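Here is what each chain is made of, one letter per residue.
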Amino acid sequence: MKVAFANSATMPTLERLILRKGRWRKVPLCVRYGIVLHPELGPTLIDTGYTPETTQGPRSWPLRLYGMLFRPRLLPDGQIVSTLQKFGLMADDIKHVIITHFHADHISGLRRFRNARFYVDQDAAQSVLAGPRFANIRHGSFKELLPDDFAERLIDLKAQPRFETGNALPDGFDLAGDHSMIAIPLPGHTHSHFGIYFPTLERPFLYATDVQWLTSAIMDDRLPGFPSSFATANTTKAAAAADIVRQYVCAGGEVVLCHDPKQTAWDI
Ligand SMILES: [Zn+2]
């Protein structure tokens, strides 16, 4: 099994907004997504990063507003098309997409994957599909980014076998049934936000997704306050999730975050 991460965009963001007592200077945040070449599941993505569906062409005014707020600069070399090309793949070759949560920067490109099934937290998916438009906008989820037949292509990750990590991480759900990819609930950022743990790799690691923007916020206990906390669904749970990740790292574990600009061993 091969696991790699690509960076779809940069988002210059004031450090003070994402790190308590951070500097008044901009940090070029990344927007990562993963690609996993799994022997049984086939080519699988972890989220999609930002794609032009969020930033260009016809789209709703709330989605336009979202793009204006975060101002992502898409990186041509990190876009999904380019990444798939590097692996000799096309969008139709993708068999599964694991959706860690429904923020636009994680689901932007979903409509491209006509042959994929989607691993989701079924409750989260239902609340985006059935939720009132205002609630979705408030939570940064945009139904227009989902394929029309999305509801028929879902796999509930919580219905997969339980897996005991045996370390600081809580029990997870064994997505492929071979202990290679474990969905670890890390709620707080959104109510059903989760990470992916790869325990069987030669160098195991946790993709902790959006537990925080910067690793230093977790390791130095510098979680940001308002306005970042306003974008967090449950700040108490988010702090508990950061605590879990900190304990995991302190015990020798390695972590990748979606947005931390620091280069990782798994970046393409
Ligand atoms: Zn997010």
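None of the values given here were measured: they were computed from a predicted structure.

S.K.: I'd like to hear about the pairing of strand β2 (residues 26–38), residue by residue, with values.
M.R.: Of all the 13 residues making up β2, ten are buried; the element is thus mostly covered by neighbouring parts of the structure. Two elements, strand β1 (residues 2–14) and β2, share eleven bridges in a ladder whose sense is antiparallel. Directly across from Ala 4, in β2, lies its bridge partner Ile 35. Bridge count between β2 and strand β3 (residues 42–46): five bridges; the pairing is antiparallel. Considered in β3, the bridge of Ile 35 is made with Leu 45. The loop that links β2 with its antiparallel partner β3 comprises three residues.

S.K.: Tell me what's going on with the sheet that holds strand β9 (residues 172–174), and back it up with residues and numbers.
M.R.: Ordered in space as β8-β9-β10-β11-β12-β13, the six strands form an open sheet in which the pairing is mixed. Each end of this open sheet is capped by a strand with a single partner; those strands are β8 (162–163) and β13 (255–257). Packing against the sheet, helix α9 (residues 235–250) makes contact with β11 (194–198), β12 (205–209) and β13, and its axis sits at approximately 155° to β12.

S.K.: Any chance you could break down the nonpolar core for me, citing the residues and the numbers?
M.R.: Counting 79 residues, the largest nonpolar core has Phe 102, Phe 150, Ile 196 and Phe 198 as the members making the most contacts within it. The residues contacting Ile 196, other than those within four sequence positions of it, are Ile 46, Ile 98, Leu 175, Met 181, Ile 182, Ala 183, Phe 205, Leu 206 and Tyr 207.

S.K.: Give a description of the pattern of salt bridges that names residues and reports values.
M.R.: A complete count under the given rule lists 13 salt bridges for this structure. The closest approach of N and O atoms between Glu 15 and Arg 23, which form a salt bridge, is 3.3 Å. For Arg 23, a relative accessible area of 47% puts it in the partly exposed group. Among the salt bridges present, the one from Glu 254 reaches Arg 203, with a minimum N-O distance of 2.6 Å. You can see Glu 254 sitting in the loop between α9 and β13 and its partner Arg 203 sitting in the loop between β11 and β12, a full 51 residues away along the chain.

S.K.: Kindly report on the coordination of the zinc ion, identifying the contributing residues and their values.
M.R.: On the protein side, the zinc ion has His 101 (NE2), His 103 (ND1), His 189 (NE2) and Asp 210 (OD) as donor atoms, found 2.1 to 2.3 Å from it. One can describe the donor arrangement at the zinc ion as irregular, given that its four donor atoms subtend angles of 90 to 173° at the metal. The sequence pattern formed by the donor residues of the zinc ion is H-x1-H-x85-H-x20-D. With His 189 in the loop between β10 (182–185) and β11 and Asp 210 in the loop between β12 and α8 (215–219), this pair connects stretches of sequence that are 21 residues apart. The residues His 189 and Asp 210 share a single accessibility class, namely buried.

Cut-offs used in this document
- Residues numbered from 1 in each chain as written.
- Predicted model: local features only at pLDDT ≥ 70, side-chain atom pairs only at ≥ 80, totals over all residues.
- Heavy atoms only, no water.
- Buried < 20%, exposed > 50% of the residue type's maximum accessible area, 1.4 Å probe, protein only.
- Helix = DSSP H or I, 4+ residues; strand = E, 2+ residues; numbered from the N terminus.
- Pairing = 2+ DSSP bridges.
- Contact = heavy atoms within 4.5 Å.
- Axes fitted to C-alpha atoms, helices over the stretch in contact; angles between N-to-C directions.
- Core = buried A, V, L, I, M, F, W, Y, C linked by side-chain atoms within 4.5 Å.
- Salt bridge = Lys/Arg side-chain N within 4 Å of Asp/Glu carboxyl O.
- Donors = N, O, S within 2.8 Å, 3.2 Å for Na, K, Ca; no water.
- Tetrahedral: all angles 85-135°; square planar, octahedral: opposite > 155°, others 65-115°.

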